[in-house]
Amino acid sequence: MKVYLGSDHAGYKLKEYVQKHLLQKKGFETIDLGTHSEDSVDYPDFAEKVAEKVMQGKNAFGILMCGTGIGMSISANKIKGIRAAVVYDRYTARVAREHNNANIICIGGKTTKTPEAAKILDAFFSAKKPLKGSRHARRVKKIGALEEIY
């Protein structure tokens, strides 16, 4: 499974931790799209890079990190087909996948400690996408339909 990583300066240290955590797990290939330091950068640039790669890839996911995850989520969700969710614990990570079929999760570098980040990642990647025909799948389809209208 390909996982594209992106962060701004506030999420840089968490991104480095996240990459190490995923590389210790079997079946993950991580691609770091930056930033590569704590020098100030603009988070929409990295949200766009990760979102574009996720949309091009099959069975691809993204993880975006900024100070809170909020700016990354707003930016990534501007890309058609992206369902980026700000997650802050195991429960929100799991339901982002199971209920909303999130293909990108956004985590706050200033709001999430590294041990919790590992638990969040494990919960997200062990969750399953919504079952075909379920109420959640119906809702995800409606989200996609909104992209065609606006």
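A few points on the structure.

Rules of the game
- Residues numbered from 1 in each chain as written.
- Predicted model: local features only at pLDDT ≥ 70, side-chain atom pairs only at ≥ 80, totals over all residues.
- Heavy atoms only, no water.
- Core = buried A, V, L, I, M, F, W, Y, C linked by side-chain atoms within 4.5 Å.
- Buried < 20%, exposed > 50% of the residue type's maximum accessible area, 1.4 Å probe, protein only.
- Helix = DSSP H or I, 4+ residues; strand = E, 2+ residues; numbered from the N terminus.
- Patch = residues over 30% accessible without salt bridge, like charges linked within 9 Å, V, L, I, M, F, W, Y side chains within 5 Å.
- Areas by Shrake-Rupley, 256 points an atom, 1.4 Å probe, with all protein chains shown as cover.
- Salt bridge = Lys/Arg side-chain N within 4 Å of Asp/Glu carboxyl O.
- Lys, Arg positive; Asp, Glu negative; His and termini not counted.
- Charge placed at Lys NZ, Arg CZ, Asp CG, Glu CD.
- Polar contact = N/O pair within 3.5 Å; in protein donor to acceptor, adjacent residues only side chain to side chain.
- Contact = heavy atoms within 4.5 Å.
- Axes fitted to C-alpha atoms, helices over the stretch in contact; angles between N-to-C directions.
- Parallel < 35°, antiparallel > 145°, perpendicular 65-115°, else oblique.
- Left-handed = near helix turned anticlockwise from the far one by under 90°.

## A few points about the nonpolar core
Ile-63, Ile-107 and Phe-125 are the most contacted members of the largest nonpolar core, which totals 22 residues. Looking at this core, the elements with two or more residues in it are β1 (2-7), α1 (12-23), β3 (60-66), α4 (90-98), β5 (104-108) and α5 (114-126). With six residues, α5 is the largest single contributor of residues to this core. Listed in part, the 16 residues of the second largest apolar core include Phe-46, Leu-64, Ile-104 and Cys-106.

## What to know about a negative patch on the surface
A surface patch of like charges, here negative, comprises Asp-42, Asp-45, Glu-48 and Glu-52. Tracing the backbone through its elements, the reader meets Asp-45 in helix α2 (residues 43-56).

## Quick word on a nonpolar patch on the surface
On the surface, Ile-70, Ile-74, Val-86 and Tyr-88 cluster together to form a nonpolar patch covering roughly 390 Å² of accessible area. Take Val-86: it is sitting in strand β4 (residues 84-86).

## Comments concerning the side chain of Asn-103
Tracing the backbone through its elements, the reader meets Asn-103 in the loop between α4 and β5. Residue Asn-103 is classed as buried on the basis of its relative accessible area, which comes to 9%. A polar atom in the side chain of Asn-103 sits 3.1 Å from the backbone oxygen of Gly-81. Beyond its immediate chain neighbours, meaning those up to four positions away, Asn-103 contacts Val-54, Met-55, Ala-60, Phe-61, Gly-62, Gly-81, Ile-82, Arg-83 and Ala-84.

## Structural notes on the pattern of salt bridges
Within the structure shown, the criterion is met by five salt bridges. Notably, a salt bridge pairs Asp-32 with Lys-15, separated by 2.8 Å at the nearest N-O pair. Of this pair, Asp-32 sits in strand β2 (residues 29-32) while Lys-15 is found in helix α1, placing the two residues 17 residues apart along the sequence. When its relative accessible area of 21% is taken as the criterion, Asp-32 is described as partly exposed.

## Things to note about the packing of α4 against α5
Interhelical geometry of α4 versus α5 gives an angle of 25° and a closest axis separation of 8 Å. Judged on the interaxial angle alone, α5 and α4 are roughly parallel. Considering how the two elements wind past one another, α4 and α5 form a crossing that is right-handed. Counting all contacts with α4, which are made through Arg-90, Ala-93, Arg-94 and Arg-97, the residues of α5 involved are Glu-116, Lys-119, Ile-120, Ala-123 and Phe-124.

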